[in-house]
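# Close look at the chain arrangement
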Amino acid sequence: MATSDRHCEREEIVTKAIKKLQQTKDPLTHQDIIDYLADPIAVSFNEFKSVDKVKSVWTRTFKYAAQACEADIEQQPSSWEIVENKINEKFYIDQPVDDEGKQNREPTTASKSKSKSSSLKMRLTDEEKDEVEETFASLNKERFWTLQATIDEASKTGIPAESVEEKIKKFAVNCNYRHPSQSFVIDLGDENWKEVFTRAELTEIEQYGDPLLLPVEPDIQKQLDELSKVSTAVDAYKFAQKVDHDPTDNLLPWLVISLMTSSQYFIKNVDVDSFMEADKQYRMFGFVNDIYTCSDITVSGKEKASKANASACNKKRKLSAVDEVQRKAMGRKMDVVYIGGRKELGCMEVGSHVDQTKEWTDGRLKMPVVMKDMLLQIVEEAPALLHKIGITGYLINGNEITLLYMDAPKGYITRIRRTKPISYPSCSDDFVIRIIPVLQLATIAKQKMEATLYQYQHTAIPLQAAVHAGPILPPCLSTTSSSSSPTSSILSTSLSSASSSKKQRQ
């Protein structure tokens, strides 16, 4: 594509963004545009090979586009941090660090050919395998979870029954690449587990404890049952207008507003398939977060860094002695973090279009680690909650949304169960039958987060001495390999210091 064509394409993207943002932003700022277009701006780094060049080109484009559509953009200092973070994630995977712990910013031949699938192919080192073995050795075998299906099979074959922990550890150290198993996480949506457990064993793991899906709140389900009797987006809008409700209630006003807002896209023939990442999060699936309005749970967006993950990352930090103190690490940034009672109760990751690689990177590598760190932060403070609470996650991939739920059903195992992806409506005719399960999903996720918050706020936290003891749950795998950079370490819960990286390279 010629340079002039790329310029026109950028200007068209910015013009569309300005027109959309003007509907909700007054005054409109450069920061609003940067946040809205963070993804396409970051992708353009592949063309310019320089962060400064990216900033200058897009800043000029903002000016030209604003003039073209006669828009007033308020001049004030802007932060490009969100764009820089996305550039790091997309283009600096597996880049070496220098002696000061800084990443090499010069693109190499290898880095140019890297795709975002690199994070799915991070080699597991011998040191990391040793760490898994050490973690396993620190566990109390009396707490291990041995499945009834395993015991029944062992009685037939005469082979001793292995616990879930033993099977996961054996698989984890035999892996050539990083995998959640090395953090003792079993994601039941991962096909790899079919090679480790029998169908009966997986069924038992999945069905143990409370079900994944809870009954929908009666008042909401009653209205959804009535809604199912109509057909189109216009019908749904008119239905919502007639719902008798008290505006001070929590859920019925949310349902009415969600139906009226969502149906408008199809009444007015808005092309929802062209929505970018921010549109998916704040417009298409905005009601998923709006449900927490006036609740005790706060929705923190704009790529919020997880404090629980940061705490886990810095757990092995110590004062300078033989080695220099490690730099303080940031937590993994999520598109949304849900917070209640000063604790993180869940998170969300959003992708603007269907992308299996991004879905796996976010939903099967990044989110499980962050969610486990959230769970650990609560149960390490209140051990009595170990098998009573869970962490909720949303994964939006294009026009589909999936609910993830992590808990610790028994023993030392952390389990992830997930719903099948649910599609957003595609037209007026399928609006009602598609929007109902998404609304149900939102109410169920709220129930789960509120249940965890209630348990935490009503559990006594005893006075305890800080002693060295075995883990309540195994921590996530830490980074020990010099080939892994801090920004790209998906399964990381601690950052290697600059000095240790230097020693390993030597």
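It should be emphasised that the depicted structure is a prediction, and the values quoted were computed from it without experimental measurement.

On to the overall build of the protein chain. In terms of regular secondary structure, the protein chain is built from 20 helices and 12 strands. Here the protein chain, with 506 residues, has 50% of them falling under the buried criterion. Restricting to contacts in the protein chain with at least 6 residues of sequence separation, those with at least 24 account for 69%. Looking at the protein chain as shown, the accessible area adds up to about 24,700 Å², and 50% of this sits on carbon and sulfur atoms.

Every buried residue of helix α13 (residues 233-242) is listed here: A233, A236, F239 and A240. The buried residues of α13 occupy one face: seen down the axis, they fall within an arc of 115 degrees. Of the exposed residues in α13, the ones pointing more than 90 degrees away from its buried face are Q241 and K242. Its buried side turned inward, α13 meets α12 (218-227), α14 (251-267) and α19 (431-457).

Here we take up the pairing of strand β7 (residues 336-340). Of all 5 residues making up β7, 4 are buried, and the element is well covered by its neighbours. Judged from the 3 bridges that link them, strand β4 (residues 298-300) and β7 form a sheet pairing that is antiparallel. Across the sheet, T298 pairs through a bridge with I339, a residue of β7. Both β7 and strand β8 (residues 343-351) contribute to a ladder of 5 bridges, which runs antiparallel. Within β8, the position partnered with Y338 by the bridge is G346. The antiparallel hairpin formed by β7 and β8 contains 2 residues in its connecting segment, where G341 sits at a positive phi of about 60 degrees.

The next point concerns the packing of aromatic side chains. This structure, assessed with the given rule, holds 12 aromatic pairs. On the numbers, 5.1 Å between centres and 50 degrees between planes, the contact of F171 with W193 is tilted. Here W193 lies in the loop between β3 (185-187) and α11 (199-207) and F171 lies in helix α10 (residues 164-174), a separation of 22 residues in the sequence. Taken together, F266, F285, Y424 and F431 form an aromatic cluster joined through their ring pairs. Above the face of the Y412 ring, R143 is positioned so that its terminal group lies 3.9 Å from the ring centre.

This brings us to the packing of α14 against α19. Their axes nearest at 11 Å, the elements α14 and α19 cross at an angle of 145 degrees. Between α14 and α19 the crossing geometry is right-handed. Together, L251, W254, L255, S258, L259, S262, S263 and F266 of α14 and F431, I435, L439, A442, T443 and K446 of α19 make up the contact between the two elements. For the contact of α14 with α19, the residue count by class is 9 nonpolar, 4 polar and 1 charged.

Attention shifts here to a negative patch on the surface. On the surface, D126, E127, D130 and E134 cluster together into a patch of negative charge. The residue D130 is located in helix α8 (residues 126-137) in this model. Its relative accessible area of 44% is what places D130 among the partly exposed residues.

Here we come to the confidence of the model for the protein chain. For the protein chain, per-residue confidence averages 84 on the pLDDT scale, and residues scoring 70 or more make up 84% of the total. Contacts for the low-pLDDT stretch residues 93-115, under 50 throughout, to residues beyond four places or in other chains number 45 contacts. The model gives residues 480-506 a pLDDT under 50, and that stretch makes 81 contacts with residues more than four places away or in other chains.

Our next topic: the pattern of salt bridges. In this structure the tally under the stated criterion is 22 salt bridges. With a shortest N-O distance of 3.3 Å, E349 and K366 are connected by a salt bridge. Here E349, found in strand β8, pairs with K366, found in helix α18 (residues 356-381); they are 17 residues apart in sequence, far enough to count as distant. We note that E349, like K366, is buried.

Turning our eyes to something else, we now look at the pairing of strand β11 (residues 414-418). Residues in a regular strand project their side chains so that they alternate between the two faces of the sheet. Judged by how many residues are buried, β11 sits mostly within the fold: 5 of 5 residues are covered. By the alternation rule, side chains of β11 split into T414, I416 and R418 and R415 and R417, which are all buried. Pairing of β3 with β11 involves 3 bridges; the strand directions are parallel. Following the sheet pairing, V185 is matched in β11 by T414. Where strand β10 (residues 400-407) hands over to β11, the hairpin turn is made up of 6 residues, of which G411 adopts a positive phi near 65 degrees.

Definitions and limits used
- For every chain, the first residue of the written sequence is number 1, and numbering continues from 1 along that sequence.
- Confidence filtering applies because this is a predicted model: local features only for residues at pLDDT of at least 70, side-chain atom pairs given and counted only at 80 or more, and all residues used for totals across whole chains, interfaces and linings.
- Computation of side-chain values: all heavy atoms of the structure, hydrogens and water removed.
- Starting at the N terminus, helices and strands are each numbered in turn, a helix being any DSSP run of H or I of at least four residues and a strand any DSSP run of E of at least two.
- Buried residues are those whose accessible area, probed at 1.4 Å on protein chains only, stays under 20% of the maximum for their type, while exposed residues exceed 50% and partly exposed ones sit between those limits.
- Residues are treated as being in contact if the distance between any of their heavy atoms lies within 4.5 Å.
- Accessible areas in this description were obtained via Shrake-Rupley with a 1.4 Å probe; residue shielding takes into account the shown protein chains only.
- Working definition: the arc comes from the directions between the helix axis and the C-beta atoms, pointing outward to the latter.
- One bridge is not enough; two strands pair if DSSP finds at least two bridges between them.
- Working definition: rings of Phe, Tyr and Trp (its six-membered ring) pair if their centres are within 6.5 Å, and the pair is stacked with planes under 30 degrees apart, edge-to-face with planes over 60 apart, and tilted otherwise.
- Ring-over charges, as used throughout, are those where CZ of Arg or NZ of Lys falls within 6 Å of the ring centre and within 35 degrees of the ring normal.
- For every element, the axis is a line fit to its C-alpha atoms; helices are fit only across the contacting stretch, and the angle between N-to-C directions ranges from 0 to 180 degrees.
- Rotating anticlockwise by less than a right angle from the far helix to the near helix defines a left-handed crossing, while the corresponding clockwise rotation defines a right-handed one.
- Any residue that is not Ala, Val, Leu, Ile, Met, Phe, Trp, Tyr, Cys, Pro, Asp, Glu, Lys or Arg is counted as polar, Gly included; the first ten are nonpolar and the last four charged.
- Nonpolar side chains (Val, Leu, Ile, Met, Phe, Trp, Tyr) are joined into patches within 5 Å and like charges within 9 Å, using only residues with over 30% relative accessible area and no salt bridge.
- We define a salt bridge as a side-chain nitrogen of Lys or Arg found within 4 Å of a carboxyl oxygen belonging to Asp or Glu.
- In this tally Asp and Glu are treated as negative and Lys and Arg as positive; neither His nor the chain ends contributes.
- Here the site of a charge means atom NZ of a Lys, CZ of an Arg, CG of an Asp or CD of a Glu.
- Looking at any residue, its pLDDT shows the predictor's confidence there, from 0 to 100.

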